[in-house]
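Notes for the structure review
Residues per chain are reported as follows:
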Amino acid sequence: MTKSMTGFGSSSYLDKKVEIYCEIKTVNHRFLEISTKPNDLNSELDVYVRDLASKKMRRGSVDVRFKLNFPIENKYTVNRASLNNLLKTIKDIKDIKSENLSFKDIKDMPGIIGVEQKTNIKLSLVKKVFTESLNNLLDDRIIEGSKIEKLFLKKINLIEKNALKLSTVNRKLVKKRYDNLINKIAKLSLSLDKSRLEQEVALLVLKHDVAEEVERINFHSNSLKEELTSKKTSGKKIDFVLQELFRETSTLSVKLDEPSYKELALDMKLSVEEMREQAQNIE
């Protein structure tokens, strides 16, 4: 199955007190690189995100973003030692009556009233939302991968058709080149050993024989189709096969000199180039 490294997935949970939103974006990358925001994410959640993403994906730059709103609980404490010290100090001042003091008079006094805020984070809900986002992302990567696979199969089909045409006319082209060289040499009226001449001409002609290139092109095309339809398609392997295929189509275009057949080879080379661009997005 062909999977793209480009994809998007999101999920959310909302009630009167809790808001959870998660979105995941991925683009192509040589390795698996995971980043999470906000940066101060709960350590347990961060580990969960990275572990699960690593199990589901092999390559790609993964950007995970959370938006979390949970109810905040305030816990108040009174530093009685500081409060007693304050009251004692005030008592020594004749112009101030400590019994008239109220909470609003002392609430802003440093060191008297302590406030501790605690966010009641429900990690199980956050993990659930992230898992849903990840599953949506994986589905999206499969959809994008199927588009790439269809494009590849279309290009491979064109390459195989052109390779078949060249294979069919190869002998005809070789014989035509051989006859042309013999005729050109004959017109020069040179006194040459006939058997040696035929041998040298044959060697020159064989340099333009494309049978081996066509055979290797068919082999690489079959390798591509097998890899594209395998259970775990490897983008790295596809890229390697395409490099080999590009080398063979380049050699083919150099060996052929008749315009119509050279054009077939150039079309094959262009198809390989287009696949190499798309292969950068395969996981």
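Here's what I pulled together on the structure shown here. Per chain, residue numbering runs from 1 following the sequence as it is written. Totals for whole chains, interfaces and linings use all residues, but because this is a predicted model, local features are given only for residues with pLDDT of at least 70 and pairs of side-chain atoms are given and counted only at 80 or more. Side-chain numbers here rest on the full set of heavy atoms in the structure, without hydrogens or water.

Further remarks concern the nonpolar core. One recurring pattern in soluble globular proteins: nonpolar side chains tend to sit buried together. If you look at the biggest cluster of nonpolar residues, it comprises 28 residues, and the most contacted ones within it are Phe152, Leu242, Leu252 and Met275. Counting from the N terminus, the helices are the DSSP runs of H or I reaching at least four residues and the strands are the DSSP runs of E reaching at least two. If you list the elements that add at least two residues to this core, you get α4 (123-187), α6 (211-228), α7 (235-255) and α8 (259-279). Here this core gets 8 residues from one element, more than from any other, and that element is α4. Only heavy atoms enter the contact rule, under which two residues are in contact if any of them lie within 4.5 Å. Discounting chain neighbours no more than four positions away, the residues touching Met275 are Phe152, Lys155, Ile156, Ile159, Leu224, Leu242 and Leu245. By convention a nonpolar core is built from buried Ala, Val, Leu, Ile, Met, Phe, Trp, Tyr and Cys residues, the set being connected through side-chain atoms within 4.5 Å. The buried label applies to any residue whose accessible area, calculated with a 1.4 Å probe on protein chains only, is under 20% of its type's maximum; exposed applies above 50%, and partly exposed to all values in between. Counting 23 residues, the second-largest nonpolar core is a separate cluster that includes Ile34, Phe70, Leu123 and Val129.

So, on to the pattern of salt bridges. Criterion for a salt bridge: a side-chain nitrogen of Lys or Arg within 4 Å of a carboxyl oxygen of Asp or Glu. For the structure shown, the criterion picks out 14 salt bridges. Close ionic contact of Lys147 with Glu144 constitutes a salt bridge, the shortest N to O distance being 3.4 Å. In this pair, Lys147 and Glu144 are both assigned in helix α4, 3 residues apart and thus about one turn of the helix distant. Glu160 serves as the salt-bridge partner of Lys225, at 3.0 Å between the closest nitrogen and oxygen.

Let's shift gears to the sheet that holds strand β4 (residues 60-69). Strand pairing follows a simple DSSP-based rule, namely that at least 2 bridges must link the two strands. Pairing is mixed across the open sheet formed by 4 strands, whose spatial order is β1-β2-β4-β3. Of all the strands in the sheet, the pair left with one neighbour each is β1 (7-14) and β3 (32-37). Neighbour-to-neighbour, the strand axes of this sheet turn through a mean angle of 10 degrees, independent of strand direction. As judged from the 9 bridges shared by strand β2 (residues 19-27) and β4, these two strands associate in the antiparallel manner. Simply put, an axis is a line fit to the C-alpha atoms, just over the touching stretch for a helix, and the angle between two N-to-C directions goes from 0 to 180 degrees.

Before going further, it helps to examine the environment of Ile113. Structurally, the position occupied by Ile113 is in strand β6 (residues 113-119). For Ile113 and Ser82, which are 31 residues apart along the polypeptide, the C-alpha to C-alpha distance reads 9.4 Å. Setting aside anything within four residues of it in sequence, one finds Ile113 in contact with Tyr76, Thr77, Val78, Phe103, Ile106 and Lys107.

In short, shape yes, function no, at least from these values alone.
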